[in-house]
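A structural walkthrough
Listed here are the chains, written in short residue letters.
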Amino acid sequence: MSRLWNVFRKAKLDRQLDEEFRFHVDMLTEHHLKRGLTREQAEREARREFGALEAAKDAYRDQRGWPWLEDWVLDLRHAVRLLLRYPGFSAVAVITMALGIGANSAVFSMVNAAFLRQVPYPNAARLVDIARDIGGRLDSPYHNSRRYLYFKERVRALEEVAASRGGGTLNLIRNGEAEPVTALRISANFFRTLGIEPSLGRSFRQEEESPQGNAVAILSYSLWQQRFGGDPGILGQAIDLDGKPFTAVGVMPPHFTAIPRADVWIPLRPRPVNDGRNTLVFGLLRPGRSREEASREVAQLIGSYRQDFPGEYREFAPNESAAVTPFGIVQRFSSRPLWVLFGAVGLILLIACSNLANLLVARATGRLREIATRAALGAGRGRIVRQLLAESLLISALGSVLGLVLAAWTIPVLVRMSPVPLSDWSPVRVDGVVVGFTTALAVLTGMVFGLFPAFQVARLDLNDCMKTTPKRATGRLRRVIVAGEVALSLVLMIGAGLLIRTFASLVRTPLGVDPAGVLAGRMSLQSERYKTTAQTAQLFHRGLERFRQHPGVEAAAMVSDLPLERGMNLVAWIPGTPDAGEPKLTDWRYVSQEYFRLLRIPLLAGRLFTEADGPKAAPVVLINQQFARRYFGRENPIGRVIHVMQHTPEPDRPRVVVGVVGDVKSNEFKRAAQATVFVPFEQAPDGYLRLGGGVHWLVRSRGAASGLAAFMQKEMKTIDPLLPFVSFRTLEEVREKAIRSDRSMMIWLASFAALAVILAAVGIYGVISYLVAQRTNEIGIRIALGASRPRIVRSIVMEGIGLAGAGIVLGVAGALVLTRFLQSFVFGVKTTDPLTFALAASFLLAIAGIACLAPALRIARLDPMRALRAE
Amino acid sequence: MPDKTEILQGTLDLMVLKTLDSMGPLHGYGIAQRIQQISQELLYLNQGTLYPALLRLEQRGWISSEWGTSENNRRARYYSITKAGQKQLKKEVEDWQAQVAIMTRLLEA
């Protein structure tokens, strides 16, 4: 430790050292004088006995301080001076590094926010999800209630097994006013598993989870503050949710971040039945147990579960198992876009480093004389390499600081343009982890591009360099590097091009509906007053009729789930087909009569619903073209019967297909429409609305009518004041949301490609300038001898284009391999689309030509006499 | 005249500790002279190399140093052995003697 301190006390300690050595040598001289030598002889003898003075001092200093550190400090000071001496060069170098590293930091901060941060719960380290494992690929942690209870009873590696289920939007009724709140159904041990307890009152008890348990609720802090005035007397009081009373038993602490967000928590009440994959199951590892252990146990349990309930597996994947994964892996589903961006930004860093390597190599060759002098003065090869590394590390350090600043500055943009969903509890921030990552990157890149000039120099015979200015140091290494840069930027350009075409296809793709001018209002119908189909049907009829009164309303309709969004996933059986026993997955929507006309969905066969299709009439359905094609093939579906598996206690009635309508895209435009079945509201089974998130009222406006939302709300209040609208959206907005991710990805990749091209152009410019400078002599001679300047200019430009061409060939090969990673993103275009490749290559070639032109044109103004004189 | 041999680092440490233990505080020149004297000029000591060794011993806490005045009224740095150094000396002497005993047995066998 004192050695570190000694580094800073150098001057003082050196003086003492000098004094001590001088004393010793003087004493030796005295000794020899006494023996009778002359002063001159005595001094010489003394020196010889003592040994090489400077070497001794060095050895002493090495022992005393941290020579390693001291040398670095020296190197650093020298590097700083060098940087200041060539401000232009330094600026270019630092900015290039800043762009490269900054881009990486920016993307990494998003990766950090989306995937690396642990959830903000005390038990975060031991929290795990029990996810479905389909043939080795991890799927979501949603199961049916029967499985949840099965796991809960049997898993030993987990201390707790908890679950939650979306409770939808309920209407909190107070003082005659209704207000939508988000509800989450949770198991009794939900909060305990996370490691949090309500700050007021208590959590649910085990007996409250059973179907006969009391109706209790826990409130979120903000709900308690805003709606109940923060009154602690709320405990034990009943609150009215959609007509049902719930006793408030607890309030969560203010700092608790609910994931997913919820205003109120109510008990889960799981029954051991197969009620669809709607229950999120997670758990707490026992201390000392690993995830792998728990995973194995869970997989075994699924094995025995399958034996106990073989019927369930007819519907789902035959190779489905289960595994234990880190908590919150639900987010990691959509991870792909971010990793693609991460890869892209890594390529940019490579290009930036290549530019820097080239710059430094050029400068090193220019400094050969200086370096040779150092070598002559005793600096070993290692020392010289260290010096060059110090310079490159300084550049990368400065560049990374600037890059971090740039990244932090662009965070608002990053958040807006994020291709993956970001949560509020994990903000995108330049925090310790990001700084750490950036530092590591800076050191790594500094070493990598610093080693290039270092090796170049180390290989040369420094003796020769002392004598003359080295001539043709082969620019070969630099040319290879630039060709590589061109290749990388071509890969990025092609990627961007593919995404641009994908987006264009998405925008043009027919949706199956006409979304212009359609407003959708969402409403929750969990209330007791709308338990039966008759009650809901009456509400709908009245509401729709009222809405149609408005002159600005062209049409009004109802639907359970919006087009361009996912519907309910149910299973149907079709008797009379070869595989009648096999369940068929289908999308399922409840609609009012006007629905198809309003959305301009074409009728392809048969008829639409009419008033005659009432509750007493024969149950009918409409199917879409996808359903007809997939499940009926060439047969005529009209008049055929289908059965549906319901999640209500009573079995469903057989329904007759009366017509086929056009396909409508679901929320994933890139996929074909799902097989869908439409059922008129009047013929739905009782209580069907309990399943979903509510219903949507649709109106199509005539012309540019405004204020329709307010109108709808006003009308609805007169029909039923306790039924508020939860939200309003236009269908255009829905469509925008569906393609938002693709748009973001396109913009990101296009920006990266632009950056890469600029960097590559700079690189080409640099190399060609260097070549021209190298050959100034030769060119001067040729001009003096009468060669035509345009010819020479052309040959230089051709050389540059040839270089770019080599890079392009390499890039095409690379792109053919790498664009495979974009497979899941592209739509309407192949990842090996020749047009995109050709356009990108031509564009890059043109840019390369322009980059060559500037230095080449210098030749046009070259004065041959000066060229010949320059050495 | 036997060849002048170079001495190993460890042995140098032992010699310095022994010298300071028997002679008391000495400056660098004094230590060098004493070692040369005792070894009767058989050991060639590049006297400058003494100093890194002295520094190392000081860093390990086996000797300490202090500026004082020499016989001829000049400022010089004096080194003396510490308690820990004395313990270390004892240990090294034992190690050395054990080594010698083994070699002797080997050569006489």
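Residues numbered from 1 in each chain as written. Chains lettered and ligands numbered in written order. Predicted model: local features only at pLDDT ≥ 70, side-chain atom pairs only at ≥ 80, totals over all residues. Heavy atoms only, no water.

Here we take up the confidence of the model for chain A. Overall, the predicted model of chain A reaches an average pLDDT of 84, with 92% of residues at or above 70. The weakest mean pLDDT in chain A belongs to helix α16 (residues 462-467) of chain A at 56; the strongest belongs to helix α19 (residues 595-599) of chain A at 93. (pLDDT = per-residue confidence, 0-100. Helix = DSSP H or I, 4+ residues; strand = E, 2+ residues; numbered from the N terminus.)

Quick look at the sheet that holds strand β2 (residues 63-69) of chain B now. Residues and elements named next belong to chain B. Pairing is antiparallel in the open sheet, where three strands are placed in the order β1-β3-β2. The outermost strands of the open sheet, each flanked by one partner alone, are β1 (26-27) and β2. Bridge count between β1 and strand β3 (residues 75-81): two bridges; the pairing is antiparallel. The residue bridging His-27 from the neighbouring strand is Tyr-78, located in β3. Running over the sheet, helix α3 (residues 50-59) touches β2 and β3 and is turned about 120 degrees from β2. (Pairing = 2+ DSSP bridges. Contact = heavy atoms within 4.5 Å. Axes fitted to C-alpha atoms, helices over the stretch in contact; angles between N-to-C directions.)

Across the boundary between the two partners, chain B contributes 25 residues, which contact 21 residues of chain A. Counting the contacts that link chain B with chain A gives three salt bridges. Residues Glu-20 of chain A and Arg-77 of chain B are paired through a salt bridge, measuring 3.4 Å at the closest nitrogen-oxygen approach. One can count six residue pairs in polar contact (both at pLDDT 80 or more) joining chain B with chain A. Put simply, the parts of the chain that give the side of chain B that touches chain A at least two residues each are α2 (28-38), α3 and β3 of chain B. Taken together, the residues that form the side of chain B that touches chain A break down as 10 nonpolar, 10 polar and five charged. (Salt bridge = Lys/Arg side-chain N within 4 Å of Asp/Glu carboxyl O. Polar contact = N/O pair within 3.5 Å; in protein donor to acceptor, adjacent residues only side chain to side chain. Nonpolar A, V, L, I, M, F, W, Y, C, P; charged D, E, K, R; others polar.)

Let us look at the pattern of salt bridges. As enumerated under the stated definition, the model contains 32 salt bridges over all chains in all. Where Arg-261 of chain A meets Asp-263 of chain A, a salt bridge forms, and the shortest distance between an N and an O atom there is 3.5 Å.

Here we take up the packing of helix α2 (residues 10-35) of chain A against helix α3 (residues 39-50) of chain A. All names here are of chain A. Contact geometry for α2 and α3: axes closest at 8 Å, N-to-C directions at 130 degrees. Put simply, α2 runs oblique to α3. Relative to α3, the crossing made by α2 is right-handed. In this structure, α2 contributes Phe-21, His-24, Val-25, Leu-28, Thr-29, Glu-30, His-32 and Leu-33 to the contact, and α3 contributes Arg-39, Ala-42, Glu-43, Glu-45, Ala-46, Arg-47, Glu-49 and Phe-50. Partitioning the contact of α2 with α3 into residue classes produces seven nonpolar, three polar and six charged. (Parallel < 35°, antiparallel > 145°, perpendicular 65-115°, else oblique. Left-handed = near helix turned anticlockwise from the far one by under 90°.)

Residue and element names in this part refer to chain A. By the secondary structure assignment, Leu-83 is in helix α5 (residues 67-85). Classification of Leu-83 by relative accessible area gives buried; the value is 9%. Along the primary structure Leu-83 and Ala-93 are separated by 10 residues, whereas in three dimensions their C-alpha atoms are 9.8 Å apart. With near-sequence residues (within four places) excluded, Leu-83 lies in contact with Ser-90, Leu-394, Ile-395 and Leu-398. (Buried < 20%, exposed > 50% of the residue type's maximum accessible area, 1.4 Å probe, protein only.)

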